[in-house]
Amino acid sequence: MSGLAKASMDWRRLASNVETLAGLTSAPLMAMVKADAYGHGVVPTARVAVEAGAARLGVATLREAWRLARMPELAEVPVLGFVYAPDQPGLAETIGAGAEIGITSLAQLDAVAVAVGRGPARVHLKADTGISRGGVAEHEWEAYCEAAAKHQSAGRIEIVGAWSHLACADEADHPANAMQKAAFERFLGTVAAAGIEPELRHLANSAALIADPETHYDLVRPGIALYGYNPVPRLPVDLKPVMELRGAVMAVKRLPAGTGISYGHTYHLERDSNVALVPLGYADGVPRAASGRAEVYLAGKRRRVLGRICMDQFVVDLGDETVRPGEPAILIGAGDHHPDADDWSEWAGTIPNDILTGIGGRVPRLWNRGLEERK
Ligand SMILES: *Cc1c(COP(=O)(O)O)cnc(C)c1O
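Calculation criteria
Residues numbered from 1 in each chain as written. Predicted model: local features only at pLDDT ≥ 70, side-chain atom pairs only at ≥ 80, totals over all residues. Heavy atoms only, no water. Domains from an automatic or database assignment. Contact = heavy atoms within 4.5 Å. Buried area = accessible area lost by both parts, 1.4 Å probe. Salt bridge = Lys/Arg side-chain N within 4 Å of Asp/Glu carboxyl O. Helix = DSSP H or I, 4+ residues; strand = E, 2+ residues; numbered from the N terminus. Nonpolar A, V, L, I, M, F, W, Y, C, P; charged D, E, K, R; others polar. 1 Å grid on protein atoms, 1.4 Å probe; cavity = no way out; pocket = protein on both sides within 12 Å on 5 of 7 lines; lining within 4 Å. Points joined across faces, edges and corners; volume = space filled by probe spheres on them. Buried < 20%, exposed > 50% of the residue type's maximum accessible area, 1.4 Å probe, protein only.

Moving on, we come to the domain arrangement of the protein. For the protein, the assigned domains read domain 1 (11-227) and domain 2 (243-374). If you average the C-alpha positions of domain 1 and of domain 2, the two centres end up 37 Å apart. Each partner contributes to the interface: domain 1 provides 16 residues, whereas domain 2 provides 12 residues. Both faces combined, the contact of domain 1 with domain 2 buries some 1,300 Å², and carbon together with sulfur accounts for 62% of it. Summed over the three residues of domain 1 that lose the most area to domain 2, namely Trp11, His40 and Ile224, the buried surface amounts to 41% of that side. Where domain 1 packs against domain 2, one counts zero salt bridges. Counting only elements with at least two residues in the side of domain 1 that touches domain 2, the list comes to helix 1 (11-22), helix 2 (34-39) and helix 3 (42-51). Among the elements that take part in the side of domain 1 that touches domain 2, helix 3 stands out by supplying five residues, more than any other. Looking at the side of domain 1 that touches domain 2 residue by residue, the class counts come to eight nonpolar, four polar and four charged.

Here is the structure:
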């Protein structure tokens, strides 16, 4: 909760991650900064990523794309948005602001061609090569590419990219990877047969960037790795968590052995103990599903979270030690002893992307100190 919690971002770690990832490929980077840059704050993240060498920015929604496309300091940096309904208000404005648009269905292709005002819309044609999510399915590729070629000849669109997305890139040996790569090649063949010569072919997310150079083509699209988390842990990469999330102890008290802790009394104290109350909860993105397993770093060591994580607070085991109110509790940190978003995702049965994007609106994001030190 505000006042007692904050998420602090270190621009140096983000810049270092961008440089490390750039060193794994000869393709330029599209920094994926959707969902408020995975919860880190999109404006500073975009600025630092671009200064550190990212050539392009990728988001999901039109609103996110519109916002970045209108930022004067990012005027030279292309931004791609691709999650929208064909009849969604704001499409023409987003194109007008200069954003590039991902086409993921035939209906979107026609909607974009109609929405164009001055000058053609710059688009990336997406194929579904096997994720069965966004992108045009293979049986429609020919019709899709022919329609796109016609719109391009008529000056309504300019086809910048041909792209797809992988379903299982974090499992290097998964047979879907080879199938999707072969399908992507077939799609590029269909694109070429329609007379389209896109400047950018792109396929790789963070996992594919790290695990498979064959997916790099002309552009790579890392998201989670930028923020310091490696989705392919068996291939070590020197990535550093960008966010530190901390709360501050609100109160400490002593309770007798046998006392039930928090909702449902899912935990009872084994002996007389001090407990600390930390005012962050699942409304702030501390996953309730991590109850019974989670730990935080408090007063020099990792300590157990006891019982259920509540909406606005949780209880930490201090044993016989005690701390003062205000003592920081680190939930996500970059130090060796700190829990990080990988730990929380294990405790909660999810992935770090979910943990980071879930951090709630009550938690202030601070970049200032790092940004000032840069000058
Ligand atoms: C989110 C996203 C990415 C980045 O994925 P990570 O696994 O976080 O690297 C890349 N491409 C597309 C199309 C996405 O939606």
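Now that the structure is up, let's keep going.
A few words on empty space enclosed by the protein. For the structure shown, the criterion picks out one cavity of 30 Å³ or more. Quantified by volume, the largest cavity comes out at close to 40 Å³. Lining the largest cavity, in full, are Leu245, Gly285, Val286, Pro287, Leu331, Ile332, Trp344, Ile355 and Ile359. In the lining of the largest cavity, the residues fall into eight nonpolar, one polar and no charged.

Once that is clear, we can look at helix 3. Within helix 3, burial applies to Val42, Pro44, Thr45, Ala46, Val48 and Ala49. Once helix 3 ends, the next one or two residues include glycine 53, with phi positive near 125°.

Two side chains of opposite charge can pair, provided their charged atoms sit close to one another. One pass over the full model with this rule turns up 21 salt bridges. As a salt-bridge pair, glutamate 158 and arginine 122 come within 3.1 Å of each other at their nearest N and O atoms. With a gap of 36 residues between them, glutamate 158 in strand 7 (residues 157-163) and arginine 122 in strand 6 (residues 121-126) connect regions that are remote in the sequence. The partly exposed category is assigned to glutamate 158, whose relative accessible area is 34%. Residue arginine 302 pairs with aspartate 343 through a salt bridge whose shortest N-O separation is 3.9 Å. Of this pair, arginine 302 sits in strand 16 (residues 301-306) while aspartate 343 sits in helix 10 (residues 341-348), and the two are 41 residues apart along the sequence. Each of Arg56, Glu100, Arg122 and Glu158 takes part in salt bridges that share partners, so that together they form one network.

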